[in-house]
Amino acid sequence: MMIQINNTLLVREIIDEFFLCDLSVCKGICCVEGDAGAPVEYDEIARLEAILAEVEHDLSSEAKKVIDQQGAVCLDSDGEYVTSIVKGKDCVFTCYDEKGYCRCAIEKAYREGKIDFQKPISCHLYPIRVVNYNGFQALNYHYWHVCHAAKILGKKEGVKVYQFLKEPLIRKFGNEWYESLCQIAKEIDANSEKSS
């Protein structure tokens, strides 16, 4: 079942599925695993290049080499812009904390007040993936085995995908859009209770 809000179509899983990142289990592996970097919107490319000086001290020497050779962003096999990756794995913007957890150097600089760009919206919205079509956008729920612990913690804490992603969904689509989503979710939950 698809849900429509303005010019967006959402899969029902965004409302139904539980999700809450559990960094103690996954250790940030989503920034390492995969066959390409994170999707980047065209208008984010200049922003990523502009913040390099503020984040480069947190990047690995290998990441710096990749950035010097091909840039922070490149085209993937589908011709889409993505963050560059190191040795087919780590996003060039990854860094590791004292526990060995993978973190985002961009978000770290943002939280420290050094930059005003939080991270690419595709990263912020994960596990939602946005696909652009002519005249509308489709929001899909991307299930990935490395995030299984997030499903378990989300269920334990009662947090759904759309609730976990409140901040990035508002960042991308606005408050009014998010309020509409919450109202639809409330109606779906009410109907589910009536039928059970």
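So, a few notes on the structure that sits alongside this text.

Analysis parameters
- Residues numbered from 1 in each chain as written.
- Predicted model: local features only at pLDDT ≥ 70, side-chain atom pairs only at ≥ 80, totals over all residues.
- Heavy atoms only, no water.
- Patch = residues over 30% accessible without salt bridge, like charges linked within 9 Å, V, L, I, M, F, W, Y side chains within 5 Å.
- Areas by Shrake-Rupley, 256 points an atom, 1.4 Å probe, with all protein chains shown as cover.
- Salt bridge = Lys/Arg side-chain N within 4 Å of Asp/Glu carboxyl O.
- Helix = DSSP H or I, 4+ residues; strand = E, 2+ residues; numbered from the N terminus.
- Pairing = 2+ DSSP bridges.
- Axes fitted to C-alpha atoms, helices over the stretch in contact; angles between N-to-C directions.
- Contact = heavy atoms within 4.5 Å.
- Buried < 20%, exposed > 50% of the residue type's maximum accessible area, 1.4 Å probe, protein only.

Once that is clear, we can look at a nonpolar patch on the surface. Nonpolar side chains collect at one region of the surface, where Tyr42, Leu75 and Tyr81 lie side by side and expose about 350 Å² of accessible area between them. On the secondary structure map, leucine 75 appears in strand E3 (residues 73-75).

With that settled, consider the sheet that holds strand E1 (residues 2-5). Pairing is mixed in the open sheet, where four strands are placed in the order E1-E2-E10-E9. The open sheet has two edge strands, E1 and strand E9 (128-133), and neither has a second partner. On average, each strand axis in the sheet is tilted by 25° relative to the strand beside it, whichever way the strands run. Against the sheet, helix H9 (residues 166-173) contacts strand E2 (8-11), E9 and strand E10 (136-141), and its axis sits at roughly 170° relative to E10.

Here the focus is unusual backbone geometry. With an omega of 20°, the peptide bond running from tyrosine 126 to proline 127 counts as cis. As for its position among the elements, proline 127 is in the loop between helix H6 (121-125) and E9. With phi around 55°, asparagine 6 is a residue other than glycine that occupies positive phi space. Here asparagine 6 falls in the exposed class, since its relative accessible area comes to 59%. Its identity is not glycine, yet lysine 87 carries a phi of approximately 50°, on the positive side. Assignment of secondary structure puts lysine 87 in the loop between strand E5 (85-86) and strand E6 (90-91). The exposure class of lysine 87 is exposed, given its relative accessible area of 72%.

What follows deals with the environment of alanine 185. Here alanine 185 lies in helix H10 (residues 175-195). The spacing of alanine 185 and isoleucine 14 is 171 residues in sequence and 9.4 Å in space, taken between C-alpha atoms. Leaving out residues up to four positions away in the same chain, alanine 185 has contacts with Ile15 and Tyr162.

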